[in-house]
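# Working through the structure, step by step
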Amino acid sequence: MTRITWAGASARRLERQFLATSAKTGTAVADVVAAMLGAHAQVLSAAELSVGVRTEGVTRADVRAALSEGDGRSLVKTHGPRGTVHLLPVAELPVWCAALPSIPGAAGSGFAPDVRVTEDQADQIVAAIGDALDGVCLTVDELSEEVVARTGSWAGDLVMPAFQTLWPRWRQVLHRAGWSGALCFGPNRGRKVTYTRPPHFTPLPEEEAVRTLVRRYLRAYGPATPAWFAKWLAAPGGWASGLFRRMAEAGEIEEVDFEGAGAAWVEAGDAAFPEEPVRGVRLLPYFDAYGIAAQPRERLFPGAAYQRALAGGQAGNFPLLLVDGVVAGVWHQRRQGRRTTVTVEPLRRLTARQERELGERVERVGEVLEAKPELVIGEVTVGAHA
């Protein structure tokens, strides 16, 4: 088997993520998001930074323009991998909205029996959401009224525990409506979130979609194991193993020997990796795709970084300082009006060159957020996901 070193894998991942060399001015925002396999957008400013630090000249305004309603819309904000809110390219919805609903798992399986909905009820709710949102934007309360009217009073029962209150039963499958292409986020109405339906499309056949997603994941983050792919999607490990086995038998993926991990997989014919590691300093925001998907985590978060930059082993809860391709610290930005203070806590001493580059990266953060940045090197005192 071909042997892949950590340095080679890291260098190729960073190149394909536009973290070794930024995407050139004029590169479509949706193309950058596609390379990441979605930008986590529970906090929109984090998604804006994820895209902006990878692309020359792009600001948060460019990301928001790509999300705007109209013929030029190239991104949607919807439920993506792990059921969490992501920015996804409109052009790739046929893949995502066929692959994600096919992941095994009962509707509402995490809730008590008297709260859960059946698969048939979940399908009714998703269909009702799609009908209600076609061509309009509704707040969650307005959508709730429409869903109950189309399904029955059972959907509106206040039985779902959430944030010290109870939500109507139908909301436990809200993410499945996003997965299915029945729902995405619309423009805010004042301080209220709205939902709408994304542009209509024809989903790929399920098996074709999940195989496409595997190949794209391996191109972006390979070499990878079925377990890593399953973790990235929050999918059952056995399902992922079976999927990889079928694809290997069909010659779509090939096995390699990955340093520190053993047997892993790349897309067939895509086993060439750089010989030289990537050098330099990068700043990644909360839940950046690279910190979430790149494995093995012990190599990406070496030594003290594993304890400092992860929250109980979970990636994404701290913005990351990368030095030469591995996590070497955390950071936090606090905005006040047109200014933002960026506090960076390195976990090892930076060279003079690295400090200069860090200053440049902080300036870039300010450009993306359209704010004047100030760099402070010191301890980050806020907790995870603050």
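These notes cover the structure that comes with them. (Residues numbered from 1 in each chain as written. Predicted model: local features only at pLDDT ≥ 70, side-chain atom pairs only at ≥ 80, totals over all residues. Heavy atoms only, no water.)

### With respect to the packing of aromatic side chains
Within the structure shown, the criterion is met by ten aromatic pairs. A centroid spacing of 5.7 Å and a plane angle of 40 degrees characterise the contact between F163 and W167, whose relative ring orientation is tilted. Here the aromatic rings of Y217 and F229 are separated by 5.3 Å at their centres, their planes lie at 65 degrees, and the arrangement is edge-to-face. Here the residue Y217 occupies a position in helix α9 (residues 206-221), and F229 occupies one in helix α10 (residues 226-233), the gap between them amounting to twelve residues. Exposure remark for F229: the relative accessible area of 1% places this residue in the buried category. Three or more aromatic residues link up through ring pairs in this structure, and these residues are W96, Y217, Y221, F229, W232, W239 and F244. Just above the ring of F185 sits the side chain of K77; from NZ or CZ to the centre is 4.9 Å. (Phe/Tyr/Trp six-rings, centres within 6.5 Å; stacked < 30°, edge-to-face > 60°. Helix = DSSP H or I, 4+ residues; strand = E, 2+ residues; numbered from the N terminus. Buried < 20%, exposed > 50% of the residue type's maximum accessible area, 1.4 Å probe, protein only. Lys NZ or Arg CZ within 6 Å of the ring centre and 35° of its normal.)

### Quick notes on unusual backbone geometry
Trans is the common state for peptide bonds, and a negative phi is the common state for residues other than glycine. For the bond from G222 to P223, the omega torsion is 0 degrees, close enough to zero to count as cis. Relative to the helices and strands, P223 resides in the loop between α9 and α10. Its identity is not glycine, yet R82 carries a phi of approximately 65 degrees, on the positive side. Take R82: it is sitting in the loop between β3 (75-79) and β4 (85-89). The class of R82 is partly exposed, set by a relative accessible area of 27%. Positive phi values are uncommon outside glycine, yet F287 reaches one of about 55 degrees. If you trace the backbone, F287 turns up in the loop between β12 (281-284) and α12 (289-293). For F287, a relative accessible area of 11% puts it in the buried group.

### Looking at the sheet that holds β12
Strand order in the open sheet made by the five strands is β12-β13-β14-β15-β16, with mixed pairing throughout. Two strands bound the open sheet, and with one partner strand each, they are β12 and β16 (372-377). Ignoring strand direction, the axes of neighbouring strands in this sheet form an average angle of 30 degrees. Two strands pair when backbone bridges link them, and strand β14 (residues 326-336) and strand β15 (residues 339-346) are joined in this way by eight bridges, in the antiparallel orientation. Residue pairing in the sheet places R334 in a bridge with T341 of β15. Contacting β12, β13 (320-323), β14, β15 and β16, helix α15 (residues 352-369) runs over the sheet at an angle of about 35 degrees to β12. (Pairing = 2+ DSSP bridges. Axes fitted to C-alpha atoms, helices over the stretch in contact; angles between N-to-C directions. Contact = heavy atoms within 4.5 Å.)

### Structural notes on helix α11 (residues 237-249)
Helix length check: α11, at 13 residues, gives a terminal C-alpha distance of 18 Å against a target of 18 Å (1.5 Å per residue), a fit within 8%. By the burial criterion, the buried members of α11 are W239, A240, G242, L243, F244 and M247. Check the buried side of α11 and you find it contacts α9, α10, β10 (253-258) and β11 (262-267). Taken from the residues just after α11, G251 is the one with a positive phi, measuring 75 degrees. (Expected span 1.5 Å × (residues − 1).)

### What about the packing of α9 against α10?
Close contact between α9 and α10 brings their axes to 12 Å; oriented N to C, the two are set at 105 degrees. Between α9 and α10, the angle is such that the two are roughly perpendicular. Contact residues: α9 offers L213, V214 and Y217, while α10 offers W228, F229, W232 and L233. Its residues assigned to classes, the contact of α9 with α10 comprises seven nonpolar, no polar and no charged. (Parallel < 35°, antiparallel > 145°, perpendicular 65-115°, else oblique. Nonpolar A, V, L, I, M, F, W, Y, C, P; charged D, E, K, R; others polar.)

### Description of the pairing of β4
The buried fraction of β4 amounts to five of the five residues, a majority that puts the element mostly inside the structure. What you see with β4 is no split at all: V85, L87 and P89 on one side and H86 and L88 on the other are buried throughout. Here two bridges tie strand β2 (residues 39-40) to β4, and the two strands are oriented antiparallel to one another. Across the sheet, residue A39 finds its bridge partner in β4, namely L87. Of the strand pairs in this sheet, β3 and β4 are connected by five bridges, and their pairing is antiparallel. From the neighbouring strand, K77 faces β4, where its bridge partner is L87. In sequence, β3 turns back onto β4 through a hairpin of five residues, with R82 there showing a positive phi of about 65 degrees.

None of this, on its own, says anything about what the molecule does.
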